[in-house]
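Structural description and commentary
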Amino acid sequence: MSSSTSYGSGKLSREDYKKQKDLEAARKAGTAPAEVDEEGNAINPHIPEFMSKAPWYMDTGKVGLQHQRKSKDNSDTSLQKGEWYARGARVGTAATKFRKGACENCGALSHKTKDCMERPRKKGAKWTGKDMKADEVVQDISLSYDAKRDRWNGYDPAEHQKLMADWELIEEARRKRKASELDKDTAEGGSTAAGGAKAGGIEAEFASSDEENNDEERYIGQGGDEEKLNAKSKSTVRNLRIREDTAKYLRNLDPDSAYYDPKTRSMRENPYSGKDAAQLAYAGDNFIRYSGEALDVAKREVFAWEAGERGNSSAHFQANPTQTALMYSEFKQKKDTLKDSHKQAVLSMYGGEEHLQAPPRELLLQVEHYVEYSRTGQVIGGAEKAAVRTKFKEDVHPLNHSSVYGSWWSDGNWGYKCCRQFLRNAYCTAGALGK
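Residues numbered from 1 in each chain as written. Predicted model: local features only at pLDDT ≥ 70, side-chain atom pairs only at ≥ 80, totals over all residues. Heavy atoms only, no water.

Moving on to the overall build of the protein chain. Across its full length, the protein chain holds 14 helices and 6 strands. Counting the 435 residues in the protein chain, one finds 21% classified as buried. Pairs at least 24 residues apart make up 39% of the contacts formed inside the protein chain by residues separated by at least 6 positions. A total accessible area of about 33800 Å² is found for the protein chain, and carbon and sulfur atoms account for 52% of it. (Helix = DSSP H or I, 4+ residues; strand = E, 2+ residues; numbered from the N terminus. Buried < 20%, exposed > 50% of the residue type's maximum accessible area, 1.4 Å probe, protein only. Contact = heavy atoms within 4.5 Å. Areas by Shrake-Rupley, 256 points an atom, 1.4 Å probe, with all protein chains shown as cover.)

Going through the model one piece at a time under the given rule, you end up with 14 salt bridges. Salt-bridge contacts for arginine 90 lead to glutamate 136; the nearest nitrogen and oxygen are separated by 3.5 Å. Taken together, the positions of arginine 90 in strand E1 (residues 90–91) and glutamate 136 in strand E2 (residues 135–136) put the pair 46 residues apart, joining distant regions of the chain. Note that glutamate 172 is salt-bridged to arginine 175, the shortest N-O span being 3.3 Å. (Salt bridge = Lys/Arg side-chain N within 4 Å of Asp/Glu carboxyl O.)

Let us now look at the packing of aromatic side chains. Summed over the entire model, instances satisfying the criterion amount to 7 aromatic pairs. Ring centres of phenylalanine 303 and tyrosine 328 lie 5.5 Å apart, and the angle between their planes is 55°; on these two criteria the pair is classed as tilted. With a gap of 25 residues between them, phenylalanine 303 in helix H11 (residues 294–309) and tyrosine 328 in helix H12 (residues 321–350) connect regions that are remote in the sequence. Here phenylalanine 303 matches tyrosine 328 in class, with each residue buried. Ring geometry for tyrosine 405 versus tyrosine 416: centroids 5.2 Å apart, planes at 65°, classification edge-to-face. In this pair, tyrosine 405 is assigned in strand E5 (residues 405–410) and tyrosine 416 in strand E6 (residues 413–416), connecting sequence segments 11 residues apart. Relative accessible area serves as the criterion here: at 31%, tyrosine 405 is assigned to the partly exposed category. Its relative accessible area of 5% is what places tyrosine 416 among the buried residues. Taken together through their ring pairs, the aromatic side chains of Phe303, Tyr328 and Phe331 make up a single cluster. Directly above the aromatic system of tyrosine 145 lies the positively charged group of arginine 149, at a separation of 3.7 Å from the ring centroid. (Phe/Tyr/Trp six-rings, centres within 6.5 Å; stacked < 30°, edge-to-face > 60°. Lys NZ or Arg CZ within 6 Å of the ring centre and 35° of its normal.)

Once that is clear, we can look at H11. Here H11 spans 23 Å end to end across 16 residues, near enough to the 22 Å set by a 1.5 Å rise per residue. Along H11, the residues that are buried comprise Ala294, Val297, Ala298, Glu301, Phe303, Ala304, Trp305 and Ala307. Where H11 is buried, its residues meet helix H10 (285–289) and H12. (Expected span 1.5 Å × (residues − 1).)

Here we take up the pairing of E5. Relative to E6, E5 runs antiparallel, the two being bridged by 4 bridges. Paired with tryptophan 409 across the two strands is tryptophan 414, which belongs to E6. (Pairing = 2+ DSSP bridges.)

Here we come to helix H1 (residues 14–29). Over its 16 residues, H1 extends 23 Å from the first C-alpha to the last, a length consistent with the 22 Å expected when each residue adds 1.5 Å. Looking one or two residues beyond H1, the residue adopting positive phi is glycine 30, at roughly 90°.

As a further point, take the side chain of serine 403. When you line up the elements, serine 403 lands in the loop between strand E4 (379–381) and E5. A polar atom in the side chain of serine 403 sits 3.4 Å from the backbone nitrogen of lysine 417. A polar contact of 3.3 Å, which involves the side chain of serine 403, links it to the backbone nitrogen of cysteine 418. Ignoring anything within four residues of it in the chain, the contact list for serine 403 reads His397, Tyr416, Lys417 and Cys418. (Polar contact = N/O pair within 3.5 Å; in protein donor to acceptor, adjacent residues only side chain to side chain.)

With that out of the way, let us pick up the packing of H11 against H12. It is the contact of H11 with H12, at a shortest axis distance of 10 Å, that shows an interaxial angle of 90°. Viewed along their axes, H11 and H12 adopt a mutual orientation that is roughly perpendicular. In this structure, H11 contributes Lys299, Arg300, Phe303 and Ala304 to the contact, and H12 contributes Thr324, Ala325, Met327, Tyr328 and Phe331. Here the residues of the contact of H11 with H12 are counted per class, giving 6 nonpolar, 1 polar and 2 charged. (Axes fitted to C-alpha atoms, helices over the stretch in contact; angles between N-to-C directions. Parallel < 35°, antiparallel > 145°, perpendicular 65-115°, else oblique. Nonpolar A, V, L, I, M, F, W, Y, C, P; charged D, E, K, R; others polar.)

This brings us to a nonpolar patch on the surface. On the surface, a nonpolar cluster with roughly 460 Å² of combined accessible area is contributed by Trp56, Tyr57 and Met58. Locating tryptophan 56 in the fold gives a position in the loop between helix H2 (49–52) and helix H3 (77–80). (Patch = residues over 30% accessible without salt bridge, like charges linked within 9 Å, V, L, I, M, F, W, Y side chains within 5 Å.)

Structurally, the position occupied by serine 52 is in helix H2. With relative accessibility at 10%, the residue serine 52 sits in the buried group. Distance in space between the C-alpha atoms of serine 52 and valine 63 is 9.2 Å, their sequence separation being 11 residues.

Before going further, it helps to examine the environment of alanine 26. Here alanine 26 lies in helix H1. Taking the C-alpha atoms as reference points, alanine 26 and proline 45, 19 residues apart in sequence, are found 9.6 Å from one another. Residues in contact with alanine 26, not counting those within four places in the same chain, are Thr31 and Ala32.

Following this line, the structure appears as structure tokens:
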């Protein structure tokens, strides 16, 4: 007997165990014939015990390695035949009287009361005997372990075509309504660039989810170039630095300073807060991104996008940069003119132009501005705070005086230092006297 036949036969005696070991050694040496399974196949005697021994839940008591082979699973025959649950199908007509064992709510024999999918009635069909439902089609579809857990099992791809047809109808309606609004605006004499405000409401009403996310994908890089990035490719080569350069996170070791994002290697804020950004070698990514002509380029690019969405195909930032710049300057001029005319109309109707002349900012509030001085009083870092000006005129010397009244004191009286006169309205005679 081999090791595969010794299990399940109880505990062997010493003589039987010795005979079993001798037979296994003879089979391994080739002097005894190999053991044969139920199908007539020879079993290799060199197979380890943990492989030849069948587990308790698969042990049939027969010799062989069937538990190591893939069993023939015929449980998916229903799927192979194209069978699936007949949802909502009924068998024949409804009964006229309540039957014993039927659902107390709807009167069908195919399910119990607790499994009924009909609306719960105040009085069920068992007591009223009205509105009996026919029996549902009950099918016995055999599925394998994986088929039962397949989330797409039984899905009909034709259902997706209906969804696509609905979206195409919505998109077509959006195009027609947008075209009609643009034609109406053009007929009234409005410009294409400035007269598309009405079409913006239609665009927002019928816009798809992809169009709504365009603003999130638009990204202005450090060089002013547009990059459409997604969540998986936001770290680009431009974030790499030269090894000799100082790392951004080492510029200011204060934990309360600008935040450094290690994933994108970006520090948007200025790490040297309070200092003039123009005098620093690095003032944050936002300063580089929004300095120079980067903002103007970004505004022209956004203007080209919006003009293209409103139907103006000639406005293209890459294909027609000069024409786009001219259209943008004309659009700004018309916008400023319209804003000024509206402002003048409001002022002419309600008045209050004198309130637009606001006093200097220094007189309204106090601002905290960091200025660093040396021991001698010279400004080292930051801009020196400007002196607060009063409502009185300064550095004005009337009556030919070169000094102010009160700059001279003598015998208990105040006067002018230039001519040493005590009368406030006296004309300066310092030049005439040669003093």
